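So you can see what is in the structure, the chains are spelled out below.
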Amino acid sequence: MAEPAKSSLKVFRFDPDRDREPHFDTFEVPQREGLTVLEALFDILETQDGSLAFRYACRGAVCGSCAMYINGAYRLACQTQVAAFSSGELTVGPMPHFPVIKDLAVDMTEFFRKYERIMPFLVAQSAPPEKERVQTPEAREAIDEMVDCILCGCCYSSCPTVWTDKEYLGPAALTKAYRFLADSRDEAAGERLSIVAGGDGIWRCHTIFNCAEACPKRINPTWSIQQLKRKSALRRLSSWLIRSST
Amino acid sequence: MILREAEVLVIGAGGAGLRAAIAADDMKAKALIISKSLMGKSGCTPMAEGGYNAAISKEPEDSVESHFEDTMASGGGLSNPDLVRILVAQAPRRLYDLEGFGALFSRGGGGLIAQRKMGAQSFARTCYAGDRTGHEIMMTLLEEVRRRDIEVLNYLLAVDLMTSGGRVCGALTYDIRHADFVLIQSKVTILAAGGGGKCWSVTTNSHQGTGDGYALAARAGALLCDLEQIQFHPTGMVYPDSVKGVLVTEAVRGEGGYLYNVTPQLQEAIDQNIRLKRGGDKPRRLDPEDFGAERFMCRYDPQRLELAKRDIVTRAIAREILEGRCSGSGGVVLSVVHLAPDLVRDRLSTTCKQFQDFASIDITLEPMEVAPTMHHVMGGAVIDEECRTSLKSLYACGEVVGGIHGGNRIGGNALAEGQVFGAIAGQMAAEEARAAGPANGDILRSGDEMARWFASKLGSGGGKSRPCHIKRGLQEVMTTRVGIVRDESGLREAADAIDNLEEEFQQVGVRDGRLPFDQDVIDYLEVRNMLPFSKLVARSALLRRESRGSHYRSDFPDSDEADFSGNIFALGEEVWPEKKWS
C-alpha cells in the first residue's frame, strides 16, 4: 500500500531561556480526513518531538486556548483543518506581539491585566432583588454578540495600536466594557466610560478592523468601540450643555 | 520547590471551584484557587451548553418536589436523597446569585429567565443562555472572582493531597508554566477537580479531564462511590475524526430535534450533498423523513422519544449503530431540518457554528451525524450534606463528587450541582478555616519526599515507551471494554490490561522535565492519575453483576431489584457494595 499523503508543518520554535533566536522546524504529518492543526501538533508531540510546547483545552472552539498564527491569519488550531490549505504546507506560529513562553505558548498576563482595568463585572449599586432583574429579550439580544467572546487574544494580537502603545486597552477589553455598558442592569456607566475614554482607551482605535477579521467567533470589536466613542461623546456633550445652561 | 500558604485551597477552577472560592470569600476567608490551565478554560463548565435546572417556573407551576422526583427517578436507586434534596432546593437561589453577578440568561415573557425542557423532566426547567450556558456561567464566575480579587495560580497540576495525622493539610502541585513544584500548605482544602473523560478515547471532556480528583482522593484515603456509573452522552460529533466526541448539546433535542437511523437512500443523499459542497455548490435540503429513515426512539421509549433518560437514548443509539443502521462514519442522525431556520439559528447558534466550522454542515438544511460519547463521571468522592469528604479538612464539590446523580444524570443538573455544592463547600470550608489554628508544618517533609521521588524520574525517559503511549493504551482499553455495553470477560480483560499498563508505567520516565509546557511531564503526572481511577471504574463495574443506570451488562441485562445490594464504594484499592442511603 502506498504511504498516506503528508502535510508539511513549519512550526515556530523558541525557548527564551536557552535560544538566542527563534527558528522553524518542519514536520511531516500523515493526512487524514478532517485533521485539525491541533491534532497535527499532538501527532508531532507523540511521534516526532515531545518537547513542542503549545496550549490547548476544549478542542471545540469554546475555551480560546489554542489561538495561533497559521498561514498568516489568526485562527484557533482546533477549528482549523489542515486540508483547508490546498498547498498542504502550513506555517504555524504563536500569536504575534505576545511574549513567547516557549514555542507556540504565549504569555497572556498583559492581556488580562488590561482586561481587568475596565472592571469586567456587573456593577449594581442597588442590592440584588429576591429573584432575577427583569430584562427584556430585546435588551438581552443587544449584547448577544459581545457575550460570545472566549478571551483567546486574537483581536488583541492583531491590533496595530496594541503593537505600538504598551498601555492601550485593546479590542477585547473594550468590547467587554461595551458589553457591560450596554447591559440594561449595569449601573456603572459613568465610571466605565471614564476608564475607556481615558488616554489608553477608545480614542486610540483607528478603525482598522484587523480585530474583526481576526476574531474566530466572528465578533466585531471595532463596532463596540465605535459605540463606546458615541456614548462617550454624547456624555461629554451633555455635561457641557448642562454646565453652560447653569 | 516553592512554598505557598492558603487558608482555603481550592483545587480546580471550573464552575464548582470558582463558586466555592466566592463563598469562602463571602465568609472573609482567604481562598487560593489553582487551575490546571488558564483559569476558566479547561474544566467542563465552559463547554456545557444545554443549561441549568431550577424549579422556578410559575406558568405552569413547577416545584422542587417535582425536580426531586425526576432526579431520584433518573438515578436508578443510587442517588443519595439528602444530597438531591439540597440540590433541588438551592438550585434556584444559586441561579439568582449568578444572575446577580451579571450572567445573561436568555429571557422569555415579562423579561424573566426563559426555560426549556430537556430529557427526563416533567417541566420546562432548564434555564439557558442560548446554547452556550456554561460559557456564560463561567465568564460570570471569572468576572466575580476578578471583582473580589481572589488569588488564582494558573497552570498548576495537583500531584497529591498532603495529609498529616489523618487530616488533609495541603497539596503538592506541579507548575506546568515554570516547570517546578509548588507545595501549598492549607488549613482546609476543597477538591473541585472535575471529571475523567480523557480515560476514554471518545469524550466531550477537554484534554485536562484526566480523573485527577478521583485519584488524588483515593490515594489520600478518601471514600468514593458509584465509579461504575459513567454517563455516555447520546450525541457527540462523529465526523470529522478530529472532533469525534465533541458534545452536541441535548438542547438540540430540547428544542425539537429528531433522531433517525440511516437508510441506504439517506446515506446516498448525504454523500451527494458532500459531493455538491466539494464542487462549491449549495447542499440540498435534506429531511431524513423523506428518505425512509426511522425515528427509532419510537421503539425504545414511545412516550418520551428523543427526550427519554440519557442512558436509554444512549443505548438506543448504540444499538442502532451496532446493528448497522448507521452512517458510513458510524453515527445515526440528529435533524432540526423540520424546524423553523430562524428558531434554530437563534436558540442553537453555537451548534450551527460548530457544524459549519468543523463539518461544513448547515444544520438548518442537513442532518447532523451523532454517536454516544463519554460525558460525565457520576460517581466520585462521598460527601455529607456539608460537602465534607471522609477525610478531615477535605471538602469536595462538582463532578468529582459521587452520590448525587446516581446511575443517570439529568441534563442541566450538573451546572446546578456545581453552583449549589460549590457554595456549600466554600462556606463550610471557610468556617472550619476560621476556627483552625495555624497550618500544620509536617507537610514539608512529605512534600519534599514526593518532589525527590519525581526528580528521580526526570531525564530517565528515552526508552521505547513514553507516558503518552500508556495514555493511548488505557483509552483504548476503557473504550472497548468499559464502555456503554459491558460484560464479565471484557471487564476482566480490562482489569488485567490496566494492571499491565501500571507495570509498564513503572518503567516509564520523563525525557527532560525542565521545560515549560513539557508534555512528557504533563502526560506522566496525568497517567499517574488515570490508571488508578480507571482501575476503580473497571473493578466497580465487575462487582455490579446487574444492569443499573448507565452501567449496562449484556450478561446481566436487567436490574436485580430482589437482591439489590446498594451503592458500590471504593476505599484505596478495595471495592464493596453497601446500602448506606439507597
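Residues numbered from 1 in each chain as written. Chains lettered and ligands numbered in written order. Predicted model: local features only at pLDDT ≥ 70, side-chain atom pairs only at ≥ 80, totals over all residues. Heavy atoms only, no water.

Participant: Where do I start with the overall build of chain B in this structure?
Facilitator: Within chain B one finds 16 helices and 20 strands. Relative to the compact-globule value of 25 Å for 582 residues, chain B shows a C-alpha radius of gyration of 23 Å, a close match. If you line up chain B on its principal axes, its C-alpha atoms span 70 × 60 × 55 Å. Taking all 582 residues of chain B together, 66% fall into the buried category. Charge centroids of chain B, computed over 67 positive and 80 negative side chains, lie 2 Å from each other. (Helix = DSSP H or I, 4+ residues; strand = E, 2+ residues; numbered from the N terminus. Rg over C-alpha atoms; globule rule 2.2 N^0.38 Å. Buried < 20%, exposed > 50% of the residue type's maximum accessible area, 1.4 Å probe, protein only. Lys, Arg positive; Asp, Glu negative; His and termini not counted. Charge placed at Lys NZ, Arg CZ, Asp CG, Glu CD.)

Participant: Teacher, can you tell me more about the overall build of chain A here?
Facilitator: Secondary structure assignment for chain A yields ten helices and seven strands. Dimensions of chain A, computed from the C-alpha atoms along their principal axes, are close to 85 × 40 × 30 Å. Considering only contacts within chain A whose residues lie at least 6 apart along the sequence, 63% involve residues at least 24 apart. (Contact = heavy atoms within 4.5 Å.)

Participant: Before we go on, may I ask you to explain the sheet that holds strand E2 (residues 23-30) of chain A in this structure?
Facilitator: Strand pairing in a sheet takes place through backbone hydrogen bonds and is either antiparallel or parallel in direction. All names here are of chain A. Taken in spatial order, the five strands line up as E2-E1-E5-E3-E4 in an open sheet, and their pairing is mixed. Bordering the open sheet on either side are E2 and strand E4 (73-76), each of which pairs with just one other strand. Going from strand to strand, the sheet's axes swing by 35° on average, the running direction of each strand aside. Here strand E1 (residues 6-13) runs beside strand E5 (residues 89-93); their pairing, made up of four bridges, is parallel. Within E5, the position partnered with Leu 9 by the bridge is Leu 90. (Pairing = 2+ DSSP bridges. Axes fitted to C-alpha atoms, helices over the stretch in contact; angles between N-to-C directions.)

Participant: For this particular structure, what's the right way to read empty space enclosed by the protein?
Facilitator: Gaps left between atoms are located by rolling a probe of water-molecule size over the structure's atoms. A complete count under the given rule lists nine cavities of 30 Å³ or more for this structure. A:Gly60, A:Val62, B:Glu49, B:Thr350 and B:Gln354 are, among the 20 residues lining the second largest cavity, the residues nearest its centre. (1 Å grid on protein atoms, 1.4 Å probe; cavity = no way out; pocket = protein on both sides within 12 Å on 5 of 7 lines; lining within 4 Å. Points joined across faces, edges and corners; volume = space filled by probe spheres on them.)

Participant: Honestly, helix H14 (residues 467-481) of chain B in this entry has me stumped. Any pointers?
Facilitator: Residues separated by three or four positions in an α-helix point in the same direction, a consequence of the helix having 3.6 residues per turn. With 15 residues, H14(B) ought to run about 21 Å at 1.5 Å a step, and its terminal C-alpha atoms sit 21 Å apart, in line with that. Those residues of H14(B) hidden inside the fold are in contact with helix H1 (37-47) of chain A together with helix H15 (488-507) and helix H16 (519-543) of chain B. (Expected span 1.5 Å × (residues − 1).)

Participant: Teacher, can you tell me more about unusual backbone geometry here?
Facilitator: Both trends apply: most residues other than glycine have a negative phi, and most peptide bonds are in trans. Residue B:Pro60 follows B:Glu59 across a cis peptide bond; omega there is 5°. Note on placement: B:Pro60 falls in the loop between strand E3 (52-53) and helix H2 (64-74). Phi at A:Ala61 takes a positive value of approximately 60°, unusual for a residue other than glycine. Summarising the element assignment, A:Ala61 is placed in the loop between H1 and strand E3 (67-70).

Participant: How should I be thinking about the pairing of strand E14 (residues 368-377) of chain B in this particular structure?
Facilitator: Across a regular strand the side chains alternate sides, sitting on one face of the sheet and then on the other. Residues and elements named next belong to chain B. Burial of E14 is extensive: ten of the ten residues sit out of reach of the surface. Direction of pairing for strand E11 (residues 230-237) relative to E14: antiparallel, over a ladder of six bridges. Across the sheet, the residue bridging to Gln 231 is His 376, located in E14. With three bridges connecting them, strand E13 (residues 332-335) and E14 associate as antiparallel partners.

Participant: Would you mind showing me how to read the sheet that holds E14(B) here?
Facilitator: Residues and elements named next belong to chain B. Overall, antiparallel pairing links the four strands, which are arranged E11-E14-E13-E12 in an open sheet. For this open sheet the edge positions go to E11 and strand E12 (258-260), each flanked by a neighbour on one side alone. This sheet shows a mean twist of 45° between the axes of neighbouring strands, independent of strand direction.

Participant: Help me out: how do you make sense of the side chain of B:Asn529 in this one?
Facilitator: All names here are of chain B. Inspection of the secondary structure assignment puts Asn 529 in helix H16. When its relative accessible area of 1% is taken as the criterion, Asn 529 is described as buried. A polar atom in the side chain of Asn 529 sits 2.6 Å from the side chain of Arg 219. Residue contacts for Asn 529: discarding those within four places in its chain leaves Ala 158, Thr 210, Gly 211, Asp 212, Ala 215, Leu 216 and Arg 219. (Polar contact = N/O pair within 3.5 Å; in protein donor to acceptor, adjacent residues only side chain to side chain.)

Participant: It is not clear to me how the nonpolar core should be interpreted in this structure. Could you clarify?
Facilitator: Across soluble globular proteins, nonpolar side chains show a tendency to be buried alongside one another. Counting 238 residues, the largest nonpolar core has A:Leu41, A:Phe54 and B:Phe421 as the members making the most contacts within it. If you tally residues by element for this core, the top one is H16(B), at 13 residues. Residues lining this core come from more than one domain, with at least three contributed by each of domain 1 (6-106) and domain 2 (109-245) of chain A. The residues touching A:Phe54, leaving out its near neighbours within four places in the chain, are A:Leu38, A:Leu41, A:Phe42, A:Leu45, A:Met68, A:Leu104, A:Ala105 and B:Phe517. B:Tyr260, B:Leu266, B:Ala293 and B:Val333 belong to the second-largest nonpolar core, a separate cluster that totals nine residues. (Core = buried A, V, L, I, M, F, W, Y, C linked by side-chain atoms within 4.5 Å. Domains from an automatic or database assignment.)

Participant: Mind showing me how you'd approach the interface of chain A and chain B here?
Facilitator: Many descriptions give the size of an interface as the accessible area lost when the pieces come together. Contacts between the two partners involve 66 residues from chain A and, on the opposite side, 64 residues from chain B. A combined buried area of about 5600 Å² lies between chain A and chain B, and 50% of that area is made up of carbon and sulfur atoms. If you sort the residues of chain A by the area they bury against chain B, A:Glu46, A:Arg59 and A:Glu132 come out on top, with a joint share of 14%. Across the pair B:Arg472 and A:Glu46 runs a salt bridge, and its minimum N-O distance is 2.8 Å. For the pair chain A and chain B, the interface holds 34 residue pairs in polar contact (both at pLDDT 80 or more). Among the elements of the structure, H1, strand E6 (100-102), helix H2 (109-117), helix H3 (137-141), helix H4 (144-147) and helix H7 (171-181) of chain A are those that each provide at least two residues to the side of chain A that touches chain B. The greatest single-element share of the side of chain A that touches chain B, amounting to five residues, is contributed by H1(A). Grouping the constituent residues of the side of chain A that touches chain B by class yields 31 nonpolar, eleven polar and 24 charged. (Buried area = accessible area lost by both parts, 1.4 Å probe. Salt bridge = Lys/Arg side-chain N within 4 Å of Asp/Glu carboxyl O. Nonpolar A, V, L, I, M, F, W, Y, C, P; charged D, E, K, R; others polar.)

Participant: Is there a simple way to explain the packing of aromatic side chains in this structure?
Facilitator: Centre distance and the angle of the planes are the two values used to describe a pair of aromatic rings. All names here are of chain B. Per the counting criterion, the structure on display carries 26 aromatic pairs over all chains. A ring pair is formed by Tyr 155 and Phe 517, whose centres lie 5.1 Å apart and whose planes are at 80°; its orientation type is edge-to-face. Here Phe 517 lies in the loop between H15 and H16 and Tyr 155 lies in the loop between strand E6 (151-153) and strand E7 (156-164), a separation of 362 residues in the sequence. Just as Tyr 155 is buried, Phe 517 falls in that class too. An aromatic cluster of three or more residues is present, and its members are Tyr 174, Phe 181, Trp 453, Phe 454, Phe 505 and Tyr 524. The aromatic ring of Phe 569 is capped on one face by Lys 580, whose charged end is 5.2 Å from the ring centroid. (Phe/Tyr/Trp six-rings, centres within 6.5 Å; stacked < 30°, edge-to-face > 60°. Lys NZ or Arg CZ within 6 Å of the ring centre and 35° of its normal.)

Participant: Mind showing me how you'd approach H15(B) here?
Facilitator: Residues and elements named next belong to chain B. Along its 20 residues, H15 runs 30 Å from first to last C-alpha, staying within 8% of the 28 Å computed at 1.5 Å per residue. Listed in full, the buried residues belonging to H15 are Glu 488, Gly 490, Leu 491, Ala 494, Ala 495, Ile 498, Leu 501 and Phe 505. Buried positions in H15, seen along its axis, are confined to an arc of 165° and lie on one side of it. Of the residues in H15, the exposed ones pointing more than 90 degrees away from the buried face are Glu 503, Gln 506 and Gln 507. Those residues of H15 hidden inside the fold are in contact with H14, strand E17 (485-486), H16 and strand E18 (552-553). (Arc of directions from axis to C-beta.)

Participant: How do you make sense of the domain arrangement of chain A when you look at a structure like this?
Facilitator: Residue and element names in this part refer to chain A. Entries for chain A in the domain assignment read domain 1 (6-106) and domain 2 (109-245). Centre-to-centre, using C-alpha coordinates, domain 1 lies 31 Å away from domain 2. At the interface, twelve residues of domain 1 touch 13 residues of domain 2. At the boundary of domain 1 with domain 2, total buried surface from both sides reaches about 1000 Å², with 65% on carbon and sulfur atoms. By the criterion of area lost to domain 2, the three top residues of domain 1 are Tyr 74, His 97 and Phe 98, representing 51% of everything that side buries. There are zero salt bridges connecting domain 1 and domain 2. Counting across the domain 1 and domain 2 interface gives five residue pairs in polar contact (both at pLDDT 80 or more). A class-by-class count of the residues in the side of domain 1 that touches domain 2 yields nine nonpolar, three polar and no charged.

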